[in-house]
Amino acid sequence: MKSFYSLLTLLAVLLLAPETGVADILATKHNLSVSGPGTIKATSEDRVCVFCHTPHHASDVTPLWNRQMSSSIYNLYASTTLVSSPGQPTGGARLCLSCHDGTIAVGMLFGRPDPVPMTGGIGTLPPGGSNLGTDLADDHPISMAYTSSLATERGELVDPALLPVEIHLEDGMMLQCTACHNPHKDPYGMFLVMDNTYSGLCTSCHAKTGWSAGSHATDAAMAEMGCQNCHASHGATGFSHLLRGTTEEGNCLANCHNGSGSGVDTQRVFNKLYVHPVTATAGIHDIRENPGTMGKHVECQDCHNPHQLNAQAAPLSAAPAVNGRLQGVSGVNASGTPVEEAVYEYEVCFKCHADNQFVYTVSVPRVIQESNERLRFDLANPSYHPVVGLGKNSHVPSLRPEWSEADSIYCVDCHASDDSLRAGGTGAEGPHGSIYPHLLLAQYEQDSYPMPYAASNYALCFRCHDPDVLFNPAVSTFGNSHVSHVQVKQVPCSACHDPHGVPVARGATDTANAHLINFDTRFVDPLTASYDSVARTCTVSCHVSNPKQY
C-alpha cells in the first residue's frame, strides 16, 4: 500500500510539473543525469536533482547541498566606479562556483569517494563560457550588498525595493549569481531570470542616464542586443567595465564603427595622416580621471558617452552648445574648473587642450607662445576667434553673408574630418582624422614662405571670410595690405595672424595684439617685431623700412 501511494504521488508531481515548474530543469543543461539533453551528462545515473541536492546525508550547506565545495581563492572584479566592496564569493555564488570555477569534477558529489562517471570521461567543466575559472575579474561582481544606500551613493542604480520580482537578492540584500540566473529553468537562455532582449534584465538594475533615448539603445540594428553590444557579463575582454573590446577604442571600432557594423565608419577616418591617436595608448583612460593630472591619451570615451550620445541637433548648428554626440561627457569650463557634464563643445576639448601636464610639440612658434587653448580663447584677450564667446570686433566686413559678428563658432568649424558633413562630404562629423595638418577640415598653408597665392591654399579661412572683400581693390575695405602681403609678397596668413587668440595672461595688449596679430618667429624676428593697432604701424624684419604705415 505504501508503494502504491508513493507511485500516485510521483505521478501527480509529473502531471503537474509542466505548469508548476518542478520539471523545468529536465529540459535544461543542468539535468546532468543520463536523460539530460546536453553534451555533459552521466553515463548511467538517472537521478536529476542529486547533482546538487540530496534529501539525506547532505553537507551542512543549505539547501541540502550535495556537492563538494571549492576552496579556491578568487581574483575579483575591480573598477574605479565600483562603490561596493565585494568579498570572496559566498552563499549561492559559492554553490554555483563549486561546478563553474572548473576546479571540481562535475560529478563530484558530497560523501562520494569518486565522481559520478560522465560521458566522454568528462571531469571538470571543459573550457568555454560556462567555466569561469578562478579569475572573476572579467565577470559581473557578486557577493555584495545591494542596498538603497549603495544605489544612492553609486548613482544610476535602481533602488532594490523597486526591482522586479524575478530578480532575487539573497537574504533580501546580497547580489549573487541567482539575481540574474535561475538554475532550475531556462526559458530565456543562459538560465536568465527574465528576457534580456532590449536590455530588459540589465536595465532592471542599471538605470543609465539618457540610455533609453540614446542612439545605442534606439538604433534598429543595435536595440535588441542593447548593452550586450558593448558589454559582457562573463568573460569580458576589457575587464574594467566589462567591455567586449580588448582596448577602449576596440570596443567601438571592432564591433560597430569599422564600416561593417551599423555605426558611422570612423575607423577609416582614423587611418588618415592626421588623427586623434586613439590607438596610441590603451588602459590609461578612466571615467573618473582628473584632466589636470591624467596621463596623456585620447580615447573615444573622452569625447563620447556611449550611454547618452544621440542625434539631437546634429549636424552642429547652435554654437557653442554641445550636440547630442557629446551629450553627458565631462569637460573643463572656461575658468579651468572640471565639470561633470560639458554644456559647451569647447569644454570637451579643454579636457586635453587646456590645463594639464601634457607636453605638446610647438608647431608654429610665435612671439607670444601658449599651448593652453583655454588661455588663448580667454574673453579678456585683445583678440580671439569667437569660440568661448562673441568676438571683440563688432565690425568684421570680410565675413561671408551667412556669418555675422554676433555668431559664435565651434572648434569643429575648423578642426574636423576633411570629408565630414561640415566639410561638404558624407563622412563622420568631428575631429577624428584629416588629410590636413592639425586635424583641419580644409587646407590652410602656414609652414612655407614665400607661398605663391592660390585661394585653395587658404580654403579654411575662406569658409568664413570672403576673399573678394580681402583682395579685390574694387570691393576691399582693407586697402592694399592683404593684397601686398598675401598675393604680392606671398606671405601666408599665419605669418601675422594667430588663429586661436593671443593670451593676455602672457602679456598680450589691445594695441600690440589686436586683430589676432602674433607674429610667426620662423619668418619674423621676435626681438624687433612690433604692431600698433592705434597708430596703424608695423615694424618687422621682412620690411625694407620700418615702421610701415597702414
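Above: the structure in question.
This structure is a prediction, so every number in the text was calculated from the model and none was measured.

Draft legend 1. Molecular detail of the overall build of the protein. From N to C terminus, the protein includes 11 helices and nine strands. Here the protein has a C-alpha radius of gyration of 33 Å; the compact-globule value for 550 residues is 24 Å, and the former is much larger. For the protein, the C-alpha atoms occupy an extent of roughly 125 × 45 × 35 Å along the three principal directions. For the protein, buried positions account for 41% of its 550 residues. Taking contacts inside the protein between residues at least 6 apart in sequence as the whole, the part at least 24 apart equals 52%.

Draft legend 2. The packing of aromatic side chains, seen in detail. Scanning the entire structure with this criterion turns up seven aromatic pairs. Ring centres of Y344 and Y346 lie 5.5 Å apart, and the angle between their planes is 10°; this geometry places the pair in the stacked category. When its relative accessible area of 32% is taken as the criterion, Y344 is described as partly exposed. Given a relative accessible area of 5%, Y346 falls into the buried group. Site record: aromatic cluster; members linked through ring pairs are Y453, Y458, F462 and F471.

Draft legend 3. Main features of helix 8 (residues 345-353). Burial within helix 8 is extensive, with seven of its nine residues counted as buried. Structurally, helix 8 contributes buried residues whose contacts are with helix 7 (300-303), strand 4 (331-332), strand 5 (338-339) and helix 9 (373-376).

Draft legend 4. Quick look at the nonpolar core. In terms of nonpolar packing, the biggest core is built from 16 residues, with L441, Y444, Y458, L460, F462 and F471 touching the most fellow members. Put simply, the parts of the chain that give this core at least two residues each are helix 10 (467-471) and helix 11 (481-488). Formed by 14 residues, the second largest nonpolar core is a distinct cluster that contains M144, Y146, A179 and M194.

Draft legend 5. Structural detail: the sheet that holds strand 7 (residues 530-532). Strand order in the open sheet formed by three strands is 7-8-9, and the pairing between neighbours is antiparallel. Of all strands in the sheet, those bounded by a partner on one side alone are strand 7 and strand 9 (548-549). Where strand 8 (residues 537-539) lies against strand 9, two bridges are found, and the strand directions are antiparallel. Of the residues in strand 9, the one forming a bridge with T537 is Q549.

Draft legend 6. Region of the structure containing the environment of P164. Mapped onto the elements, P164 comes out in the loop between helix 3 (148-154) and strand 2 (174-175). Accessibility expressed as a relative area gives 24% for P164, which makes it partly exposed. Separated by 166 residues in the primary sequence, P164 and S330 place their C-alpha atoms 32 Å from one another. Look past the residues within four positions of P164 in its chain and what remains in contact with it is M194 and S204.

About the thresholds
Residues numbered from 1 in each chain as written. Predicted model: local features only at pLDDT ≥ 70, side-chain atom pairs only at ≥ 80, totals over all residues. Heavy atoms only, no water. Helix = DSSP H or I, 4+ residues; strand = E, 2+ residues; numbered from the N terminus. Rg over C-alpha atoms; globule rule 2.2 N^0.38 Å. Buried < 20%, exposed > 50% of the residue type's maximum accessible area, 1.4 Å probe, protein only. Contact = heavy atoms within 4.5 Å. Phe/Tyr/Trp six-rings, centres within 6.5 Å; stacked < 30°, edge-to-face > 60°. Core = buried A, V, L, I, M, F, W, Y, C linked by side-chain atoms within 4.5 Å. Pairing = 2+ DSSP bridges.

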